[in-house]
Amino acid sequence: MTRRHVITALGAAALLSRNGEAQEAAEKNGGPKSGVIRPPRTSPLVCAFSQNLIKVPYPELGMIAQQIGYDGVDLTVMQGGHVDPHITNVDLVRAFESVRGAGLEVPMITTTLTTINEPTSYAILAITGHTDVHLYRLGFWPYNFNPRPSPDDIPRRLAQVRSDLTGLIAYGQRAGMTALFPNHAGSFVGEAIWDAQSIIGEMDPKWIGYYFDPSQATAEGGVSGWEVALRLALPRLKAVAVQDFTWVKSGDAWKMQMCPMGEGMVDWTAFFRVLAQSGFTGPLSIHMEYQKQDELGAMTKDLQFVRKQIAQVWA
């Protein structure tokens, strides 16, 4: 999907228009820059997960995301993402400038960081914090159970993750960056929230919070477990990822299969109601990890679904 293709499709499709405030910002000489003071938000900042637009080079990312109708971009800073810090750090600053130049915000970045032993960890946090972006999603910690089950497997792993986080939080404090712990189904620390809570519960909420995904919580918690997990996360909730899924059987096993928003298992009405009642106004990143033929049409449809949910409960 090239810039030309996207712009052509934009001209032909009936896309969701931006709200007046965001459109006005986009028209003001390149949009908001680092350090601009914005009025307090009254609803979530709806962002494109930049991996959805991975075919679009980062110099054009902001323009395309703005024309589709997003408020901001959740920028992927990792191997295979829009910015690969193993190649050059200059691209990170340029990517921020590109998005902001289109009038959009970059409230957070998504990384794979799980330890300060990663050579790029401090550079990512220092540069990002210096450019006035202060949230970063952490990577994932698999449980790595031993072949022979042991009662010490889980406590040992949680202790390792606590040690890793202690180092990352120290780096984050120096850079002004807050870490976001993701919940991810499938034998990862944080899959049920209680395990992550046992690690970060006593840590300073200014420097570490949650990046909550209701689809992953639904897969782990079923009918009502997702809400328990959400309510446990709410006091530290900094950002939200939204995507939907269905269960499919593959051989003898049931697996998650991602699908368009509103067509899967997540109870979006209940989820957004709880989120609105909590007063959440942080970044909400729309993921699209499912197969689609019309990429632009799928992005527009998912965005419209999210906008409708927000309009109903943040009114």
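Right above here is the structure, for reference.
Calculation criteria
Residues numbered from 1 in each chain as written. Predicted model: local features only at pLDDT ≥ 70, side-chain atom pairs only at ≥ 80, totals over all residues. Heavy atoms only, no water. Pairing = 2+ DSSP bridges. Helix = DSSP H or I, 4+ residues; strand = E, 2+ residues; numbered from the N terminus. Axes fitted to C-alpha atoms, helices over the stretch in contact; angles between N-to-C directions. Expected span 1.5 Å × (residues − 1). Buried < 20%, exposed > 50% of the residue type's maximum accessible area, 1.4 Å probe, protein only. Contact = heavy atoms within 4.5 Å. Phe/Tyr/Trp six-rings, centres within 6.5 Å; stacked < 30°, edge-to-face > 60°. Polar contact = N/O pair within 3.5 Å; in protein donor to acceptor, adjacent residues only side chain to side chain. Salt bridge = Lys/Arg side-chain N within 4 Å of Asp/Glu carboxyl O.

### What about the sheet that holds strand 5 (residues 178-182)?
Within the closed barrel, the eight strands sit side by side as 1-2-3-4-5-6-7-10. Their pairing is parallel. The mean angle between the axes of side-by-side strands here comes to 30 degrees, regardless of whether they run parallel or antiparallel. Across three bridges, the pairing between strand 4 (residues 135-137) and strand 5 is parallel. Opposite L135, over in strand 5, you have T178 as the bridge partner.

### Overview of helix 6 (residues 153-175)
Relative to the 33 Å expected for 23 residues at 1.5 Å per residue, helix 6 spans 33 Å between its end C-alpha atoms, a close match to the ideal helical length. Residues D153, R157, L158, V161, L165, G167, L168, I169, G172 and A175 constitute the buried set of helix 6. Where helix 6 is buried, its residues contact helix 5 (121-130), strand 4, strand 5, helix 7 (194-200) and strand 6 (208-212). Just past helix 6, the residue G176 takes up positive phi, approximately 75 degrees.

### A word on the packing of aromatic side chains
Counted according to the given criterion, the structure contains 11 aromatic pairs. Ring centres 6.4 Å apart and planes at 75 degrees place the aromatic pair W268 and F305 in the edge-to-face group. One end of the pair, W268, is in helix 9 (residues 268-277); the other, F305, is in helix 10 (residues 295-313), and 37 residues separate them in sequence. An identical accessibility class is assigned to W268 and F305; each is buried.

### Overview of the environment of D71
Within the element layout of this structure, D71 appears in the loop between helix 3 (58-68) and strand 2 (72-76). Along the sequence, D71 and A48 sit 23 residues apart, while their C-alpha atoms lie 8.0 Å from each other. There is a polar contact of 3.0 Å between the side chain of D71 and the side chain of R307.

### As for the pattern of salt bridges
Per the stated rule, a full pass over the model turns up five salt bridges. Residues D71 and R307 are paired through a salt bridge, measuring 3.0 Å at the closest nitrogen-oxygen approach. On the criterion of sequence distance, the pair formed by D71 in the loop between helix 3 and strand 2 and R307 in helix 10 is long-range, its members being 236 residues apart. Given the relative accessible area of 6%, D71 is considered buried.

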